[in-house]
Amino acid sequence: MDQAALPNDLETYWMPFTANRQFKADPRLMASAEGMYYYTTDGRKVLDGTAGLWCVNAGHARPEIAEAVHKQILTLDYAPAFQMGHPAVFELASRLAALMPGDLDHVFFCNSGSEAVETALKIALAYHRAKGDAARVRLIGRERGYHGVGFGGISVGGIAGNRKLYAGISGVDHLPHTFNLAEQAFSRGQPAWGAHLADELERIAALHDPSTIAAVIVEPMAGSTGVLVPPKGYLERLRAICDKHGFLLIFDEVITGFGRLGAGFATDLFGVQPDMICFAKGVTNGVVPMGGVVARKHIYDAFMQGPEIAVEFAHGYTYSGHPVATAAALATLDIYAREDLFNRAKGLSDYWADAAHSLKGLPNVIDIRTIGLVAGIELAPLPGKPAQRAFDVYLKCFERGLLIRQTGDILALSPPLIVEKSQIDAMFGLLGEVLKSC
Ligand code: PXG
């Protein structure tokens, strides 16, 4: 390594899910952030239309979180996670359980959404075995599902690009995704068409025999693959089929949790209770990595057997329930409660939907989908150049001071829940201008 090139040689850092060559030719470097805005190293102010990567739900640089983290590092920087604990993480588990419906009341901590998914899948398999039902080893995901980047997550996930290079784990099958442009175009909230797609689970169950299936995992609203809102009645049907055959139902709420849809969790909004919920992102407002799984009581109880000194579930991470992440999470939950941010998102969702749908009719806009404080805007691809048009829109928005997300030819917006109406106007106003020029 040529030391003279340090410290700002962009070449060395292999960036995740990034077009490295494009970025390094024309870097977008964030210098700081506060409230609803990022500030770039070249001095530009950028309105955050995406809450970072769907995680900064309470807005940037919250002093309460910074103070809690600072204090925690000086008080207890780290405590071993295995065979030992620290009081705050028990408080956090209780507070998260209190946010959940029904008996979703046992929390397992990890450090990311990907780890949360691996954890939930392992709990599902171990749960059936603990109950003497060891033949249930099959996992069912869904096309266009994103469940992080672990081997379990990419296997149950339904994104070809994330799967094609890896064998993944065996014993996996997939439901069809729930999006149909012809039937659902320009939906506000849940589309009316598509509940019957849940019945595909019966077909899959018959194919493999229900007694071999352990669990079904879905995002209640698919975020990463372009804001696919569940059709009315769809999740209810999935729940009913899972109950009929004894499958565990896992909701991956890594994006939908912590107010994003205008309710605490998607389970609250849709009134369908899964057996496990994966969470991450918003739990710490994105400030310190943390994720976890909330499991129903009967799942936890099934593990509590054998000799008392035996480890009941051979799984965990050095940083499970890390004191600093815990402190950030507790401070974040305080903000959500004090500022009533989940209800704030709900209160803004009609205004948000009106603003997003006002882009209907602009060039190349073929669909707009909204729910809570999320919008997906689908563009007609440039002939022979998939994703190019949306990438151009993303770059132009950034140059003009707005951060949005782009996946394929779909744009996604999901601002911090502190967003003001004037900022919603600014987002869609600017996006509309850019769309006219692309
Ligand atoms: N499950 C879901 C539903 C997710 O959305 C993960 C798991 C994985 O989380 P980690 O913390 O391991 O990244 C995610 C992550 C995007 C985007 O722009 C979405 C995610 C991450 C980065 C970008 O849509 N979701």
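Just so it is clear, the model here is predicted, and its values are computed rather than measured.

*Asks:* Tell me about the overall build of the chain, residues and numbers included.
*Replies:* For the chain, the count of helices and strands is 16 helices and 15 strands. For 438 residues, the compact-globule estimate of 2.2 N^0.38 gives 22 Å, and the chain sits close to it at 22 Å. Along the longest, intermediate and shortest principal axes, the C-alpha atoms of the chain span 65 × 55 × 50 Å. Every one of the 438 residues in the chain was classed for burial, and the buried ones make up 47%. In the chain, once contacts between residues fewer than 6 apart in sequence are set aside, the share between residues at least 24 apart is 72%.

*Asks:* Tell me about helix α15 (residues 388–399), and name the residues and values.
*Replies:* With 12 residues, α15 should reach 16 Å at 1.5 Å per residue; the first-to-last C-alpha distance of 16 Å fits that figure. Taken together, the buried positions of α15 are Arg 389, Ala 390, Phe 391, Val 393 and Cys 397. Looking at the packing, one finds that the buried side of α15 touches β12 (374–379), β13 (402–403), β14 (405–407), β15 (410–413) and α16 (421–436). Backbone geometry just downstream of α15 places Gly 401 in the positive-phi region, at approximately 100 degrees.

*Asks:* Any details on the site of the ligand? Residues and values, ideally.
*Replies:* What surrounds the ligand is a group of 18 residues, the closest being Ser 112, Gly 113, Ser 114, Gly 148 and Val 254. For the shell around the ligand, the secondary-structure elements that each account for two or more residues are α2 (51–54), α5 (113–130) and β14. For the shell around the ligand, the element with the highest residue contribution is α5, accounting for 3 residues. Looking at the shell around the ligand, its residues break down into 7 nonpolar, 8 polar and 3 charged. Counting the residues that make up the shell around the ligand, at least three belong to each of domain 1 (3–58 + 340–436) and domain 2 (66–338).

*Asks:* Tell me about the domain arrangement of the chain, and please be specific about residues and values.
*Replies:* Taken domain by domain, the chain holds domain 1 (3–58 + 340–436) and domain 2 (66–338). Each of domain 1 and domain 2 was reduced to a C-alpha centroid, and the two centroids are 26 Å apart. Contacts between the two partners involve 32 residues from domain 1, matched on the other side by 28 residues from domain 2. Sorting the residues of the side of domain 1 that touches domain 2 by element identifies α2, α14 (341–357), β11 (365–371), β12 and β15 as the ones contributing at least two each. No other element matches α14, which puts 7 residues into the side of domain 1 that touches domain 2. When its residues are assigned to classes, the side of domain 1 that touches domain 2 shows 17 nonpolar, 10 polar and 5 charged.

*Asks:* Residues and numbers for the pairing of strand β3 (residues 45–48), please.
*Replies:* Looking along a regular strand, one sees side chains alternate from face to face of the sheet. Pairing analysis gives 3 bridges linking strand β2 (residues 37–40) to β3, with the strands arranged antiparallel. Residue pairing across strands places Tyr 37 opposite Leu 47, the latter belonging to β3. The sheet contact formed by β3 and β13 spans 2 bridges and is parallel. Note on β13: the bridge partner recorded for Asp 48 is Leu 403.

*Asks:* How would you sum up the nonpolar core? Please name residues and give values.
*Replies:* Residues Val 216 and Ile 250 are the most contacted members of the largest nonpolar core, which totals 124 residues. Here this core spans two domains, and each of domain 1 (3–58 + 340–436) and domain 2 (66–338) adds at least three residues to it. Beyond its immediate chain neighbours, meaning those up to four positions away, Val 216 contacts Ile 140, Leu 201, Leu 238, Cys 242, Phe 247, Leu 249 and Ile 250.

*Asks:* Before we move on, could you go through the sheet that holds β15 and cite the residues and values that matter?
*Replies:* The strand order across the open sheet formed by 4 strands is β11-β12-β15-β14, and the pairing between neighbours is antiparallel. The open sheet has two edge strands with one neighbour each: β11 and β14. Strand-to-strand, the axes of this sheet are offset by a mean angle of 20 degrees, without reference to chain direction. Where β14 lies against β15, 3 bridges are found, and the strand directions are antiparallel. Bridged to Gln 406 within β15 is Leu 411.

*Asks:* How would you explain the environment of Pro 80 if you had to name every residue and give the values?
*Replies:* By the element assignment, Pro 80 lies in the loop between α3 (63–75) and α4 (87–99). Counting along the chain gives 30 residues from Pro 80 to Thr 50, while the straight-line C-alpha distance between them is 35 Å.

*Asks:* Describe unusual backbone geometry, and please don't skip the residues or the numbers.
*Replies:* Positive phi outside glycine occurs at Lys 281, with the angle close to 35 degrees. Secondary-structure assignment places Lys 281 in the loop between β9 (276–279) and β10 (291–296). Even without being glycine, Asn 364 reaches a positive phi, approximately 70 degrees. One can find Asn 364 in the loop between α14 and β11.

Each value, and the rule that gives it
- Throughout this description, residue numbers start from 1 for each chain and increase along the sequence as written.
- Selection of residues for local features in this predicted model requires a pLDDT of at least 70, selection of side-chain atom pairs for listing and counting requires 80 or more, and totals for whole chains, interfaces and linings are taken over all residues.
- Where helices and strands are cited, they refer to DSSP runs of H or I of at least four residues and of E of at least two residues respectively, numbered from the N terminus.
- In this treatment the radius of gyration is a C-alpha quantity, and the globule benchmark scales as 2.2 Å times the residue count to the 0.38 power.
- Burial in this document is a count-based property: other C-beta atoms within 10 Å of a residue's C-beta are tallied, and the residue is buried at 20 or more, exposed at 12 or fewer, or partly exposed in between, with C-beta positions derived from the backbone.
- Two residues qualify as a contact pair if the distance between their C-beta atoms, derived from the backbone, is within 7 Å.
- One fewer than the residue count of a helix, multiplied by 1.5 Å, yields its expected span.
- Each residue gets a C-beta atom placed from its backbone. If that atom is within 6 Å of a molecule or strand, the residue is near it.
- Amino acid classes used here: Ala, Val, Leu, Ile, Met, Phe, Trp, Tyr, Cys and Pro are nonpolar; Asp, Glu, Lys and Arg are charged; the rest, including Gly, are polar.
- In this document the domain limits rely on a domain assignment from an automatic tool or a database.
- Strands are labelled as partners when DSSP assigns at least two bridges between them.
- To count as a nonpolar core, a set of buried Ala, Val, Leu, Ile, Met, Phe, Trp, Tyr and Cys residues must be joined through C-beta atoms within 7 Å.
- Axes here mean lines fitted to C-alpha atoms, for a helix over just the part in contact, with angles spanning 0 to 180 degrees between N-to-C directions.

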